Amino acid sequence: MDRPLDGVAVVALEQAVAAPFATRQLADLGATVLKVERPGEGDFARDYDSAMGGTSAFFVWSNRGKQSIELDLKDPEQRATFDQLVVGADVFIQNLSPAAAQRAGILADQLRAKHPQLIACDISGYGLGGPRTDDKAYDLAVQAEAGAVALTGTVDQACKVGFSVADVSAAMYAFSSILAALYRKQATGEGATIEVSMLESLAEWTSAPTFAAVGTGVIPPRAGHRHTMIAPYGLYQMSNGTHIMIGCQSNRDWVSFATHVLGDQSLCEDPRFFDNVDRIANIDDLELLINSVFATLSPEELLERLERGRVTHSSVRDPHSLWQHEQLRARDRFMTVTTPTGTAEVYRPPFNISGIGDPDASVPELGAHDPAFVQHLLTRAKTRTHEGAK
């Protein structure tokens, strides 16, 4: 079976994570992605680290399955080539700063004015228009602006989320928007102008606590190991000093937890813990009770009770133990890719669409591309320009 996006041509003027991670999803589904990079230098994420056998972990993660072409957009001849590649593409995506993209004439609305059939996508930190449009917007800055930092950490100290959550959220909205635009184009022939803001993407992901704060007038306190709005839901220490994650999201869960794990069915009628609102209001009493019971149980007995009660629980894994996760290994969720410096093992993409197999397993060297594909785009551009002139 062909992959879902076979035949879709994507040109990407991208760097770092947000746009590259979006186009990697497109490549995983079969699109041919041509990554435009600075001559001799390339995407600066190539040099973040050398963790993957000499190649950056960030670059391997977000750029497998692509081709690379070196173009200096300040050189008139190379800029003309770039312009033709864009015309020949089905999708164009960029994540330059809005001011730089506008000066270069490559904002989505600028391109669509000339090429209405194009699906053009801008990713920026704060979106076009408004007082913050031209501010620099790295992932951590947007985490802070979008409320993620204020919501993460302990009462005493706010913390960032431990991965590039602002970049990833924007990447996935860009990816899903492009898919929707491709679907519409298949039916109508119409292109699309897409604008994705990292701030708006992450603000959407922090909506529930924001809505709660606005609705009640109270900002949810940082709860560290706890969930701020559901209890019991968080990290608890076992008698051997290690931690386990336990979650009860409904009163039915709570009844099972109280009965099978805490061993006291009368707690279900205790007015302090009767429903979730009560349990949150009396969280200190609840956790004192939980900790006192857990201290008397061996880890093996605690796990047996949790399993008997069908109570949600999980291990607290670091990256090394995650990499060896028995479920991921049993389901063969790993693949080997070639990189500019050797090979590396990575996760398979999580799409799991029947019949499409593994994606392209190569991470491109700077400038490594198929000349025939570039020529294909240039030929398409000439045809489209000729048809548009009629």
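Residues numbered from 1 in each chain as written. Predicted model: local features only at pLDDT ≥ 70, side-chain atom pairs only at ≥ 80, totals over all residues. Heavy atoms only, no water.

Here we look at the sheet that holds strand S2 (residues 32-37)
The strands that make up a sheet pair up through hydrogen bonds in the backbone, lying either parallel or antiparallel. To keep things clear, this is the line we draw: Paired strands, as defined in this entry, are two strands with at least two bridges between them according to DSSP. Each helix corresponds to a stretch of at least 4 residues labelled H or I by DSSP, and each strand to a stretch of at least 2 residues labelled E; elements are numbered beginning at the N terminus. Every angle, taken between N-to-C directions, lies between 0 and 180 degrees, and every axis is a line fitted to C-alpha atoms, over only the stretch in contact when it is a helix. Any two residues whose heavy atoms approach within 4.5 Å are treated as being in contact.
Overall, parallel pairing links the six strands, which are arranged S3-S2-S1-S4-S5-S6 in an open sheet. Across the chains shown, the open sheet's two edge strands, defined by having one partner strand only, are strand S3 (67-70) and strand S6 (192-197). The average angle at which neighbouring strand axes cross in this sheet is 20°, direction not considered. This element, helix H9 (residues 198-205), spans strand S5 (119-124) and S6 of the sheet and lies at about 65° to S6.

Focus on a nonpolar patch on the surface
Formally: Like-charged residues within 9 Å of one another, or nonpolar side chains (Val, Leu, Ile, Met, Phe, Trp, Tyr) within 5 Å, are grouped into patches, provided each residue has over 30% relative accessible area and no salt bridge. What sets the accessible areas is the Shrake-Rupley method with a 1.4 Å probe; for residues, cover comes only from the shown protein chains. Criterion for a salt bridge: a side-chain nitrogen of Lys or Arg within 4 Å of a carboxyl oxygen of Asp or Glu.
Taken together, the side chains of Phe 44, Tyr 48 and Phe 58 define a hydrophobic patch exposed on the protein surface, amounting to about 260 Å² of accessible area. Here Phe 58 lies in helix H2 (residues 57-63).

Let's talk about the sheet that holds strand S8 (residues 243-247)
Taken in spatial order, the three strands line up as S7-S8-S9 in an open sheet, and their pairing is antiparallel. With one partner strand each, in any of the chains shown, strand S7 (233-237) and strand S9 (312-315) form the two edges of the open sheet. Averaged over neighbouring strand pairs, the angle between their axes works out to 30° when direction is ignored. Relative to S8, S7 runs antiparallel, the two being bridged by five bridges. Bridge pairing in S8 links Tyr 233 to Gly 247.

So, the pairing of strand S1 (residues 9-13)
Let me state the cut-off plainly: Using a 1.4 Å probe on the protein chains alone, a residue whose accessible area is under 20% of its type maximum counts as buried, one over 50% counts as exposed, and one in between counts as partly exposed. Crossover handedness is defined here as right-handed if the route from the first strand over the helix to the second strand goes clockwise, with the strands pointing away from the viewer.
Buried residues dominate S1, accounting for five of its five residues. Taking every second residue as pointing to the same face, both faces of S1 are buried, with Ala 9, Val 11 and Leu 13 on one and Val 10 and Ala 12 on the other. The sheet contact formed by S1 and S2 spans five bridges and is parallel. From the neighbouring strand, Val 11 faces S2, where its bridge partner is Leu 34. Regarding topology, helix H1 (residues 18-28) serves as the crossover connection from S1 to the parallel S2, and that connection is right-handed. When S1 meets strand S4 (residues 91-94), the two strands line up parallel, connected through four bridges. From the neighbouring strand, Ala 12 faces S4, where its bridge partner is Ile 93.

Focus: the side chain of Arg 112
For clarity, the cut-off: His is not counted here, nor are the chain ends, while Lys and Arg score as positive and Asp and Glu score as negative. For the purposes of these results, a polar contact is taken to be a pair of N or O atoms within 3.5 Å, where, inside protein, one atom must be able to donate a hydrogen and its partner to accept one; residues adjacent in sequence count only when each atom of the pair is a side-chain atom.
By the element assignment, Arg 112 lies in helix H5 (residues 108-114). Despite its burial, Arg 112 remains without a salt bridge, the nearest opposite charge being carried by Glu 190 at 5.2 Å. A polar contact is formed between the side chain of Arg 112 and the backbone oxygen of Pro 116, at a distance of 3.1 Å. Here the side chain of Arg 112 touches Leu 118 through a polar contact of 3.2 Å, landing on its backbone oxygen. Ignoring sequence-local partners within four residues, the contact set of Arg 112 consists of Leu 118, Ala 120, Gly 191, Ala 192 and Thr 193.

Quick word on the nonpolar core
For clarity, the threshold we go by: Working definition of a nonpolar core: buried Ala, Val, Leu, Ile, Met, Phe, Trp, Tyr and Cys residues. They are joined through side-chain atoms within 4.5 Å.
Grouped together as the largest cluster of nonpolar side chains are 41 residues, with contacts concentrated most on Val 10, Ile 93, Cys 121, Ile 123, Ile 178 and Ile 194. Those elements that provide at least two residues to this core are S1, H1, S4, S5, helix H8 (165-188), S6 and H9. Among the elements that line this core, the one with the most residues is H8, at 10 residues. Once residues within four sequence positions are removed from consideration, Val 10 is found in contact with Thr 23, Leu 26, Ala 31, Thr 32, Val 33, Leu 34, Val 91 and Ile 93.

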